[in-house]
Amino acid sequence: MPGLLRGVARTAVVAGTATAVSNRVSRRQGQRWMAQEQAQYDQYAQHPPQPAQATPGGTDRIAALKDLAALKAQGVLTEAEFEAEKARILSS
């Protein structure tokens, strides 16, 4: 019986250690992602995308819309910002 108790205790210690390590790794990764998002936000705030000038062919509009969609996909722009810029590009 003491051998069984020792095995159960050892398993509990290993599981507890694994949980603690996993939680620490998760927190650290979350902090890294938060720092990356903040850096992207700061970069966008300092250098917002410049409006594209429309040409008769409309190729600049298409390029501007593609760039805008890429920024939205990266999470740099919110849905509201994306819609406002898209409306502005299409109305010019």
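## Quick notes on the nonpolar core
Reasoning step 1: Counting residues in each nonpolar core, the largest one holds seven residues, listed as Tyr44, Ala64, Leu68, Val76, Leu77, Phe82 and Ile89.
Reasoning step 2: Only α2 (59–74) and α3 (79–91) provide two or more residues apiece to this core.

## Here's the deal with the packing of aromatic side chains
Reasoning step 1: Tallied over the full model, the rule gives zero aromatic pairs.
Reasoning step 2: Directly above the aromatic system of Phe82 lies the positively charged group of Lys72, at a separation of 5.3 Å from the ring centroid.

## Some details on the packing of α2 against α3
Reasoning step 1: Their axes nearest at 10 Å, the elements α2 and α3 cross at an angle of 180°. Compared by their axis directions, α2 and α3 come out roughly antiparallel. Across from Arg61, Ala64, Leu65, Leu68, Ala69 and Lys72 in α2, the residues of α3 making contact are Glu79, Phe82, Glu85, Lys86, Ile89 and Leu90.
Reasoning step 2: Taken together, the residues of the contact of α2 with α3 break down into seven nonpolar, no polar and five charged.

## Description of the pattern of salt bridges
Reasoning step 1: What the rule picks out here adds up to three salt bridges.
Reasoning step 2: With a shortest N-O distance of 3.0 Å, Lys72 and Glu79 are connected by a salt bridge.
Reasoning step 3: A residue is classified by how much of its surface remains accessible, and Lys72, at 31% relative accessible area, is partly exposed.
Reasoning step 4: The class for Glu79 is partly exposed, based on a relative accessible area of 43%.
Reasoning step 5: A salt bridge links Lys86 to Glu83; its shortest N-O distance comes to 3.5 Å. Placement of both Lys86 and Glu83 in helix α3 is noted, with a separation of three residues, approximately one turn of the helix.
Reasoning step 6: The exposure class of Lys86 is partly exposed, given its relative accessible area of 27%.

Here is what the cut-offs are and how they apply
- Residues numbered from 1 in each chain as written.
- Predicted model: local features only at pLDDT ≥ 70, side-chain atom pairs only at ≥ 80, totals over all residues.
- Heavy atoms only, no water.
- Core = buried A, V, L, I, M, F, W, Y, C linked by side-chain atoms within 4.5 Å.
- Buried < 20%, exposed > 50% of the residue type's maximum accessible area, 1.4 Å probe, protein only.
- Helix = DSSP H or I, 4+ residues; strand = E, 2+ residues; numbered from the N terminus.
- Phe/Tyr/Trp six-rings, centres within 6.5 Å; stacked < 30°, edge-to-face > 60°.
- Lys NZ or Arg CZ within 6 Å of the ring centre and 35° of its normal.
- Axes fitted to C-alpha atoms, helices over the stretch in contact; angles between N-to-C directions.
- Parallel < 35°, antiparallel > 145°, perpendicular 65-115°, else oblique.
- Contact = heavy atoms within 4.5 Å.
- Nonpolar A, V, L, I, M, F, W, Y, C, P; charged D, E, K, R; others polar.
- Salt bridge = Lys/Arg side-chain N within 4 Å of Asp/Glu carboxyl O.

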